[in-house]
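Letter by letter, the chains look like this.
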Amino acid sequence: MEARAVISVRDLVVGFGDHLVLDHLCLDAYSGEILGVVGASGSGKSVLLRTIIGLLPKREGQIEVLGLNLDEADEAQRRALERRWGILFQQGALFSSLTVRQNVQFPMRENLDLSPRLLDEMALAKLEMVGLARRDADKFPAELSGGMTKRAALARALALDPEIVFLDEPTSGLDPIAAGEFDALIETLQKTLGLTVFMVTHDLESLYTVCDRVAALADGKVVAAGPIAAMLECEHPWVKTYFQGKRGALLAERRVSV
Amino acid sequence: MSATLLTGELEGERLKLAAGGSWTASHASELEQVAGRLEGEAERARYVSIDMGGVREFDTFGAWMLERLLREWKAAGRETSITGLPEHDRGLLAALARVNREPPSPPRRENRLIAALASVGQAVAGVGRDLTSFADMFGALGYAAARVVRRPQDLRFTSAVHQLDRVGWQAVPIILLITFLIGGIIEQQGIFHFRKFGAELYAVDLVGILVLREIGVLIVAIMVAGRSGSSYTAELGSMMMREEIDALKTMGFDPVEVLILPRVLVLIVAVPVLTFIGSLAALYGGGVVAWLYGGISPDIFMARLTEAISVTHFKVGMIKAPFMGLVIGIVACSEGLKVKGSAESLGLQTTASVVKSIFLVIVLDGMFAIFFASIGM
Ligand SMILES: Nc1ncnc2c1ncn2[C@@H]1O[C@H](COP(=O)(O)OP(=O)(O)OP(=O)(O)O)[C@@H](O)[C@H]1O
Ligand SMILES: [Mg+2]
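Only a predicted model underlies this, so the values are computations on that prediction, with no experimental measurement involved. (Residues numbered from 1 in each chain as written. Chains lettered and ligands numbered in written order. Predicted model: local features only at pLDDT ≥ 70, side-chain atom pairs only at ≥ 80, totals over all residues. Heavy atoms only, no water.)

J.: I'm lost on the overall build of chain B in this one. Help?
T.: Helix and strand counts for chain B come out as 13 helices and four strands. For chain B, whose C-alpha radius of gyration is 36 Å, the value lies well above the compact-globule estimate of 21 Å for 377 residues. With 377 residues in all, chain B has 44% of them scored as buried. Look at the contacts in chain B between residues 6 or more apart in sequence, and 82% of them connect residues 24 or more apart. Accessible surface computed for chain B: about 19,700 Å², of which carbon and sulfur atoms make up 65%. (Helix = DSSP H or I, 4+ residues; strand = E, 2+ residues; numbered from the N terminus. Rg over C-alpha atoms; globule rule 2.2 N^0.38 Å. Buried < 20%, exposed > 50% of the residue type's maximum accessible area, 1.4 Å probe, protein only. Contact = heavy atoms within 4.5 Å. Areas by Shrake-Rupley, 256 points an atom, 1.4 Å probe, with all protein chains shown as cover.)

J.: Before we go on, may I ask you to explain the overall build of chain A in this structure?
T.: Helix and strand counts for chain A stand at ten helices and ten strands. Looking at chain A as a whole, 55% of its 258 residues qualify as buried. The contacts of chain A with a sequence gap of at least 6 include a subset with a gap of at least 24, amounting to 66%. Accessible surface, chain A as shown: approximately 11,600 Å² in total, 52% of it carbon and sulfur. Mean positive and mean negative side-chain charge positions of chain A (28 and 36 charges, respectively) differ by 3 Å. (Lys, Arg positive; Asp, Glu negative; His and termini not counted. Charge placed at Lys NZ, Arg CZ, Asp CG, Glu CD.)

J.: Help me out: how do you make sense of the domain arrangement of chain B in this one?
T.: Reports often express the size of an interface as the amount of accessible area lost when the parts come together. Taken domain by domain, chain B holds domain 1 (2-97) and domain 2 (141-374). Summarising the inter-unit geometry, the C-alpha centres of domain 1 of chain B and domain 2 of chain B are found 69 Å apart. (Domains from an automatic or database assignment.)

J.: Before we go on, may I ask you to explain the pairing of strand β3 (residues 34-39) of chain A in this structure?
T.: In summary, the side chains of a regular strand alternate between the two faces of the sheet. Residues and elements named next belong to chain A. Of all six residues making up β3, six are buried, and the element is well covered by its neighbours. Side chains I34, G36 and V38 project from β3 onto one buried face, and the interleaved L35, V37 and G39 project onto a second face that is buried too. Relative to strand β9 (residues 213-218), β3 is paired through five bridges, and the arrangement is parallel. Considered in β9, the bridge of V38 is made with A216. (Pairing = 2+ DSSP bridges.)

J.: Would you mind showing me how to read the layout of surface pockets here?
T.: One water molecule sets the probe size; rolling that probe over the atoms shows where empty space is left. Residues and elements named next belong to chain A. Taken as a whole, the largest pocket encloses approximately 1,000 Å³ of empty space. Lining the largest pocket are 35 residues, and of these D161, P162, E163, L193 and G194 sit closest to its centre. Along the lines of polarity and charge, the residues of the lining of the largest pocket split into 13 nonpolar, nine polar and 13 charged. (1 Å grid on protein atoms, 1.4 Å probe; cavity = no way out; pocket = protein on both sides within 12 Å on 5 of 7 lines; lining within 4 Å. Points joined across faces, edges and corners; volume = space filled by probe spheres on them. Nonpolar A, V, L, I, M, F, W, Y, C, P; charged D, E, K, R; others polar.)

J.: Any chance you could explain the pattern of salt bridges here in plain terms?
T.: One side chain can pair with another of opposite charge once the charged atoms of both are near each other. Residue and element names in this part refer to chain A. One pass over the full model with this rule turns up 32 salt bridges over all chains. The residue K191 makes a salt bridge to E187 at a minimum N-O spacing of 3.7 Å. Highlighted residues: K191 and E187, both in helix α6 (residues 176-193), separated by four residues, approximately one helical turn. The exposure class assigned to K191 is exposed, which follows from its relative accessible area of 56%. (Salt bridge = Lys/Arg side-chain N within 4 Å of Asp/Glu carboxyl O.)

J.: Sorry, what's going on with the sheet that holds strand β1 (residues 6-11) of chain B here?
T.: What holds strands together in a sheet is hydrogen bonding between their backbones, with the strands either parallel or antiparallel. Residues and elements named next belong to chain B. Pairing within the open sheet is mixed, and its four strands lie in the order β1-β2-β3-β4. Looking along the sheet, the strands with just one partner apiece sit at the ends: β1 and β4 (79-83). Between one strand and the next, the sheet's axes are offset by a mean angle of 15°, whatever the strand orientation. Helix-sheet contacts for helix α3 (residues 60-75) involve β1, β2 (14-23), β3 (47-58) and β4, and the interaxial angle to β3 is about 180°. (Axes fitted to C-alpha atoms, helices over the stretch in contact; angles between N-to-C directions.)

J.: Is there a simple way to explain the site of ligand 1 in this structure?
T.: Residues and elements named next belong to chain A. Neighbouring ligand 1 are 14 residues, the closest being S41, G42, K45, S46 and H202. A distance of 2.5 Å is found between an oxygen atom of ligand 1 and a side-chain nitrogen or oxygen belonging to S41. At a separation of 3.3 Å, an oxygen atom of ligand 1 approaches a polar backbone atom of S43. Relative to its free-state accessible area of 640 Å², ligand 1 is covered by the protein chains to the extent of 60%. (Near = heavy atom within 4 Å. Polar contact = N/O pair within 3.5 Å; in protein donor to acceptor, adjacent residues only side chain to side chain.)

J.: Help me understand the pairing of β4 of chain B in this model?
T.: All names here are of chain B. As defined by bridge partners, β3 adjoins β4 across five bridges and the pair is classed as parallel. Within β4, the residue paired with I50 across the bridge is I82. Taken together, β3, α3 and β4 constitute a β-α-β crossover, and its handedness is right-handed. (Right-handed = clockwise from strand over helix to strand, strands pointing away.)

J.: Looking at this structure, I do not really get helix α5 (residues 146-157) of chain A. What am I missing?
T.: Residues and elements named next belong to chain A. End to end, α5 covers 16 Å across twelve residues, agreeing with the expected 16 Å (1.5 Å per residue, within 8%). Counting buried positions along α5 yields ten of twelve residues, so the element is predominantly enclosed. Here α5 has its buried residues at M148, T149, K150, R151, A152, A153, L154, A155, R156 and A157. On the buried face of α5, the contacting elements are β6 (85-88), α3 (100-111), α4 (116-129), β7 (164-168) and α6. (Expected span 1.5 Å × (residues − 1).)

In structure tokens form, the structure reads like this:
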């Protein structure tokens, strides 16, 4: 795997009022990897994700995504870039007045010039790839269960075959089995489609099973980044409690014994 | 560009295809057309081989187009082979080979006439449902009110005061402005037309009686329906969408008592007060126009007005006002509770709330007119 940074964040400062959430943060995500971002609740993981994709303004620092500096990009370049990433929001954010199928077709319809037949086939193909049944395609978002919502939102994030997907807590609110399946799904899709995945998560299980690298956020900075093994050796107090707490230790043991 | 996506030549019974370029989302429709054009040649072939070696980019869209071609050829009994596809792209092709296996569900065809009849039937049934939901809400409100009368400490007093501030106090400026203008317009029209008979003084009677009996309360009710009724519907509707109302129920609260009763009570109080203020503003507007436009001095206007109107006219307007408030409140809240999960349904229900409450306000006004006429008020 070539180590080309597709997302590179340098000295990022983001704050609200006099509350600095991210304070000179640096982070890289490499091509074709699954990067897990962890941190305490309220440590700024969602803020980091939203700043990278341009939904929140930053005070200082530089963000480059797929080799494009977002400050220097013009409107056309930005739009072209937005077609190359897909985002799964924490709450799904499906369009409530469209069916699941129309939700997936929406970005295709806006960005590509496809025949109605191909549009239908592709939407159904994507839905099947994320594990939704065909009869769910014509349901409205309000009629879906939590796990189905996540799957549908993932299908929409993948609609244009992006190079990067941003996932904000993809497995939160799912039962452990469904969460495990979702992780496996992300891994399979990542392998077949060659995606780079930027995943914010609280789920230790996901970190152990699918993430190639983990970045831990605390005090507005990345205090540790690297494979799980590096996390287990990290001395930062929060990282230590997180990975070597009761649940962390259990998983680490199981992993060593496998 | 399209020439390089897929080219083919027929050698006897063997069709040899060479693929190239970008088999990606942005070229998918081109690819579809090229594939369509090759169909004629494929018909005559028994073996199809496709060399993917020249393809630079390959994504789900390209993989699906390839899979679709393969399926079509196989269905027609041709032998197919693929060469030159890199290993990881084979994985993608295999993933797409598993999808879209179920035949598409046939589109439902409807008879136009039957569809038209069905929509008429649904509209009629809808009216029936509206009436029952109105009665339902009326009953639930009565029940909640009876309980609150027995245990007055259960009334959500803070919520009621907050609502009163929003629908009553904050509505005063706009109500003053609108009723003032309407009073002035009625006076101006009266003077303009009555002047032909030399009876412009009767324009004062016109504005006095019309405003106190009808216009004051109607304008206020319509304004309140548009301003506060719609916001009630939107509030309750978005609470429905986010399951807040279900949460209330599970905690043992009655949403009608907690959310709806204070809102409706506030309307019952606010509409008469606003009607009173609005009627005064309309009379004031009439007086100003009479003076500036008709040359009727304020003294004469007041003298004429006291002769023309009586307390009865004032009572007729004020008696109607609380009922208007009640109707607006019931319609707004019951529409709010009908909101389903989508943003679109919130919009629909809010529109329906305003339209229905204005309609009912006018119907109610008509019934009151008949009632007051028959008891001689
Ligand atoms: N729009 C906003 N205005 C003000 N403060 C905000 C805003 N968005 C986030 N914050 C603050 O930024 C901090 C980080 O929030 P963020 O949502 O990134 O947390 P998080 O790490 O994603 O937590 P969780 O794991 O609970 O989702 C919090 O203190 C939050 O209160
Ligand atoms: Mg978050």
